[in-house]
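Structural characterization, general
The residues making up each chain are set out below.
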Amino acid sequence: MHEDAKCWLPGGDTRTINHFTPYPTFMSHGAGCTLTDVDGNTYLDFINNMGSMVHGHAHPALTAAATEQFAQGTALGAPVEAQQRHARIMCERITSVDLVRYTNSGTEATMLALRAARAFTGKHAIIKIDGGYHGVYNDAALNMFAGMPGPLIPQPGLPGEFPPVQVPRGVPPSTGAEVFLVRYNDLDQAAQVLATHADRIAAIIVEPMMGAAGCIPADVHYLHGLRALTRHFGVLMILDECSTFRLGPLQERYDLRPDLTTVCKIVGGGVPLGVLGGRAEIMEQFDPTRPAPLYHAGAFVGNGLALNVGATALEMFGPQTVARLNGLGERLISELPQVARDAGITMQVTGIGSQAHLHWGEGPLRNARDVQALQTDLAELPELVHLELLNRGIHLSRRGLFTLSTPMTDRHIDVFLDAMHRTLQSLRPYIAERIPRLVTDTATAVPARAPVSTQPEPNTGEEDTMSHLKELASDHYTAINSGDIDAVMAHYAPDVESTTPNGELKGAGAVRMFQEVFHTAAPDARIEALHTFEDGDTVIIEGMYSGTHTGPLVSPDGTVPPTDRAFKFTFVEILQYSGGLIHSQRLYWDNVTFLTQLGLLPG
C-alpha cells in the first residue's frame, strides 16, 4: 500500500510528521481509544492525532452531531446558529476572550493573530520563542524546531547568547528582519529585546507549554513577567493554546490575561477548526461595519460541520472531565521514569496532565536547546522505542509525544506502563552498547520523579515568611520612599544579584551605591506598586517611579544635566525572596524615556 501511495504522493503521504521508517502504518479505522490498521491489528492510541481527538475516535455523540449537520449542509456560505453556540462556549471558558474569529487550523489562527496585532499597534516586528511551533507560514517557520538543518545566523544587534536564526528552505531570509528570537523561560532575553526594540515590536507569541519542542512547561512567573513587560512596553501578548486548551486552558489555571489567544485541535471535535480570540478593541478590527476593517475570509471558515461537532465536543469536556483526564496523565508523568529505572534506563517525562513527552537522560529541560542537548547521541533509540511499542499495541508518536483521550481509564495506563517496561528491557543491550550514559544501576535507583506541578508549591517551615511576599515587597517600597538607605538595604541578602538598565550589580555594596546615587539625585522620588503577582518565592511588580531630578547624575556626553526636572515612568521589577531577604532583583524600565525626561537625550 505504501509503495502504491508513493506513485501519487511525495513519500507516500501528505503529512511529514506521519512518516517513519521502514514505512508508516496505514490505519483503517478508530473506535474510542483504539486504532485498527489495514491488516487488522489493534492499538491503544496515545497520539490522538497530535492531541486533537480528546474524545477518541467515532464518539457516538460526535458522530450524531456530524450526521445531523451533513443532512442540513456542511458549509452554507452564510452565518449559522452554530457559530454563536460555539463562540459563546469559547468566550465563557477563556476569561481574556471577549470576541472570537474562526479559521480552519491553528496555523491560520496564529497567522491571523499576528496580522491583527500588527494592524492594531501599527508595528511590524514580533518576538518568537526559539523552538516554538505556531504553524508553517514564514514568520512561524523560523526556528520552529531546535536543531533544524541549515546555517546558524547570529541575530543582528543582539548578544551572542541569543538564539541564532535558522531559516528553513523556501522561506525568504528577509523574514528574519522582522522576527526577534528569544529563549523560553528566559525573561531577561525578552526584556532586553523589548527595552531596545519596543518601538518596532507588535507582539510576542508564546506557548504556556512548548508542544513540539517536547512539552516543556513555562514557569508561571515567566508568563506573568512577559505579561507585565508587554503591558509596560506597549506590546501585545499572544498566547498560543492550540495544544494546551485541553489542559484547562492553562491561562485560566495561572490567572493570566493575554491580549490575544489562539486555539485549535480539540475545539473542532475531530473536524478541522481554529479560533482566534481576545480583547474586544483588538478583535473589532474585523468588524466589516467599521471603517477599513481587517479582511478575513475562507471558503470553509465558520462552516457548520466543524462548529456543530466542536460545540458538542466542548459541552462534553467540562471541568470534571478535564480533571479526570489530567489525573490519568499525571500518573504516566510520574510512573514512566520509574518504569524505565526498573529496566535500568534513565528517562525523564515532561508535560502537564493529559499531554506529555519522553526524554532520554538527565539534565535541565527549560527550553528547546536543553531538549536538543539530550538528543545529540541517541542514534536510532527513539525510532526503535516507537517500533517496539507499536509491536506491543501502543500507538505513540515517533518523537515521544503522548496525549490521552476521555475513553481511557487506569487500565489503559497500566497497559502502556507494562509495554514500556518490556520495550526497554528488550532494548537495554542496544542502549548499553550505543548510549551507555542512559544505563543505570537499578539497585541504587533514585525515587520516582514527582509529577510536574501546575501550581505554586506551598511554603512551609523555615520559608514561612514567603507566604507574605506581597507584604515584604510593600515594606521594601515603603523603605525606599522613606529615603532611609539602611532600611532599604536590610531587605537585601549580602550576595544579591541585581540587574538594572544601567547594568548588573553584584553584592549588597553595589546595590547600596546605586540606591544612594538615586536618592541623592532625586530625594523626593516616590515608588508605587500598580500590579503585583506572587509565584512561589518570586514577586513580579508593575509600578511607577516619579519625582524631581536635582542631580548630580552625568549625561552620556559627560555634562552635568539641568536640575529640577520632573520625571515619571513605569517599570517592571522581579524580586526573588528567601528567608525574608531579596536574593535576586531584575528591574526593567525604558531608559531612553527616563533620560529624555531629564533632558539628557533629545525629545
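In what follows, the structure referred to is the one given above.
Computed from a predicted model, the values in this text were never measured in an experiment. (Residues numbered from 1 in each chain as written. Predicted model: local features only at pLDDT ≥ 70, side-chain atom pairs only at ≥ 80, totals over all residues. Heavy atoms only, no water.)

Attention now goes to the overall build of the chain. Per the secondary structure count, the chain includes 19 helices and 22 strands. When its C-alpha atoms are laid out on the principal axes, the chain stretches across 85 × 70 × 45 Å. Considering only contacts in the chain between residues 6 or more positions apart, those separated by 24 or more positions represent 67%. Of the roughly 25700 Å² of accessible surface on the chain, 55% is carried by carbon and sulfur atoms. Treating the 42 positive side-chain charges of the chain as one cloud and the 65 negative ones as another, the clouds have centres 5 Å apart. (Helix = DSSP H or I, 4+ residues; strand = E, 2+ residues; numbered from the N terminus. Contact = heavy atoms within 4.5 Å. Areas by Shrake-Rupley, 256 points an atom, 1.4 Å probe, with all protein chains shown as cover. Lys, Arg positive; Asp, Glu negative; His and termini not counted. Charge placed at Lys NZ, Arg CZ, Asp CG, Glu CD.)

So, about unusual backbone geometry. Glycine aside, a negative phi is what most residues show, and trans is what most peptide bonds show. Each neighbour pair has its own omega, and for glycine 248 with proline 249 the value is 0°, a cis peptide bond. As for its position among the elements, proline 249 is in the loop between β10 (236–240) and α9 (250–253). Positive phi, normally seen in glycine, also occurs at lysine 265, with a value near 55°. Inspection of the secondary structure puts lysine 265 in the loop between β11 (260–263) and β12 (274–278). Since its relative accessible area comes to 24%, lysine 265 is described here as partly exposed. (Buried < 20%, exposed > 50% of the residue type's maximum accessible area, 1.4 Å probe, protein only.)

Strand order in the open sheet made by the 6 strands is β18-β17-β22-β21-β20-β19, with mixed pairing throughout. This sheet does not close on itself; its edge strands, each paired only once, are β18 (503–506) and β19 (526–535). In this sheet, adjacent strand axes meet at a mean angle of 15° when their direction is disregarded. For β19 and strand β20 (residues 538–549), the ladder comprises 9 bridges, and the chain directions are antiparallel. Within the sheet, the bridge partner assigned to alanine 529 lies in β20 and is glycine 543. Where helix α8 (residues 220–233) meets the sheet, its contacts fall on β19, β20, β21 (565–578) and β22 (581–589), and the angle it forms with β20 comes to roughly 30°. Along the sheet face, helix α18 (residues 508–521) touches β17 (492–500), β18, β20 and β22 and points at about 60° away from the line of β17. (Pairing = 2+ DSSP bridges. Axes fitted to C-alpha atoms, helices over the stretch in contact; angles between N-to-C directions.)

Per the stated rule, a full pass over the model turns up 26 salt bridges. Across the salt bridge formed by glutamate 315 and arginine 85, the nearest N and O atoms sit 2.9 Å from each other. Of this pair, glutamate 315 sits in helix α11 (residues 304–315) while arginine 85 sits in helix α4 (residues 81–93), and the two are 230 residues apart along the sequence. Of the charged contacts in the structure, one is a salt bridge between arginine 331 and aspartate 410, with a shortest N-O distance of 3.0 Å. Here the residue arginine 331 occupies a position in helix α12 (residues 319–342), and aspartate 410 occupies one in helix α15 (residues 410–434), the gap between them amounting to 79 residues. Several salt bridges converge on common partners, so that one network encompasses Arg227, Asp259, Arg279 and Glu281. (Salt bridge = Lys/Arg side-chain N within 4 Å of Asp/Glu carboxyl O.)

This brings us to helix α7 (residues 187–197). Every buried residue belonging to α7 is among Leu187, Gln189, Ala190, Ala191, Val193, Leu194 and His197, and all of these are buried. Against the buried residues of α7 lie β5 (125–129), β6 (179–182), β7 (201–206), α8, β21 and β22. The N-terminus of α7 is capped by aspartate 186, whose side-chain oxygen sits 3.2 Å from the backbone nitrogen of aspartate 188. (Polar contact = N/O pair within 3.5 Å; in protein donor to acceptor, adjacent residues only side chain to side chain.)

Another aspect to go through is α18. For α18, with 14 residues, the first-to-last C-alpha span of 20 Å sits near the 20 Å given by 1.5 Å per residue. For α18, the complete set of buried residues consists of Val511, Phe514, Gln515, Phe518, His519 and Ala521. Projected down its long axis, α18 carries its buried residues within an arc of 165°, all on one side. Exposed side chains of α18 directed beyond 90 degrees from the buried face belong to Gly509 and Met513. (Expected span 1.5 Å × (residues − 1). Arc of directions from axis to C-beta.)

For the rest of this paragraph, the subject is the sheet that holds β5. Spatially, 7 strands are ordered β4-β12-β11-β10-β7-β5-β6 in an open sheet, and the strand pairing comes out mixed. Each end of this open sheet is capped by a strand with a single partner; those strands are β4 (99–103) and β6. Pairs of neighbouring strands in the sheet enclose a mean axial angle of 20°, with direction left out of account. Relative to β10, β7 runs parallel, the two being bridged by 4 bridges. The partner of isoleucine 205 across the bridge, within β10, is isoleucine 238. Together, β4, β11 and β12 form the strand contacts of α4, whose direction differs from that of β4 by roughly 120°.

To continue, consider the environment of leucine 384. If you trace the backbone, leucine 384 turns up in helix α14 (residues 381–391). As a C-alpha pair, leucine 384 and tyrosine 430 span 46 residues in sequence and 9.9 Å in three-dimensional space. Here leucine 384 is in contact with Leu427 and Tyr430, once residues within four sequence places are set aside.

Moving on to empty space enclosed by the protein. Tallied over the full model, the rule gives 4 cavities of 30 Å³ or more. By volume, the largest cavity amounts to about 230 Å³. Along the wall of the largest cavity there are 19 residues; nearest its centre are Phe514, Gln515, Ile527, Tyr545 and Leu587. Residue assignment for the lining of the largest cavity shows that the elements contributing at least two residues are α16 (469–482), β17, α18, β21 and β22. A per-element tally of the lining of the largest cavity places α18 first, with 4 residues. Tallied by class, residues from the lining of the largest cavity come to 13 nonpolar, 5 polar and 1 charged. (1 Å grid on protein atoms, 1.4 Å probe; cavity = no way out; pocket = protein on both sides within 12 Å on 5 of 7 lines; lining within 4 Å. Points joined across faces, edges and corners; volume = space filled by probe spheres on them. Nonpolar A, V, L, I, M, F, W, Y, C, P; charged D, E, K, R; others polar.)

Soluble, globular proteins show a tendency: their nonpolar side chains are buried together. Counting 66 residues, the largest nonpolar core has Phe46, Met90, Trp360, Leu381 and Phe402 as the members making the most contacts within it. Ranked by residue count, the leading element in this core is α15, at 9 residues. Setting aside residues up to four positions removed in sequence, leucine 381 forms contacts with Trp360, Leu427, Tyr430, Ile431, Ile435 and Leu438. One finds Ala191, Met237, Leu250 and Ile540 within the second-largest nonpolar core, a separate group that totals 50 residues. (Core = buried A, V, L, I, M, F, W, Y, C linked by side-chain atoms within 4.5 Å.)

Turning next to the pairing of β5. A regular strand carries its side chains on alternate faces of the sheet. Burial runs high along β5: 5 of the 5 residues are buried. Where β5 meets β7, 4 bridges bridge the pair, whose relative direction is parallel. Within β7, the position partnered with alanine 125 by the bridge is isoleucine 201. The pairing of β5 with β6 spans 4 bridges and is parallel. By the bridge assignment for β6, isoleucine 126 is matched with valine 179.

Below, the discussion takes up the side chain of glutamine 155. Looking at the secondary structure, you find glutamine 155 in the loop between α6 (138–141) and β6. Setting aside chain neighbours within four positions, we find glutamine 155 in contact with Phe162, Pro163, Val165, Val179, Phe180 and Leu181.

According to the stated counting rule, one finds 8 aromatic pairs in the structure shown. Joined through ring pairs, the aromatic side chains of Phe46, Phe402 and Phe416 make up one cluster. (Phe/Tyr/Trp six-rings, centres within 6.5 Å; stacked < 30°, edge-to-face > 60°.)

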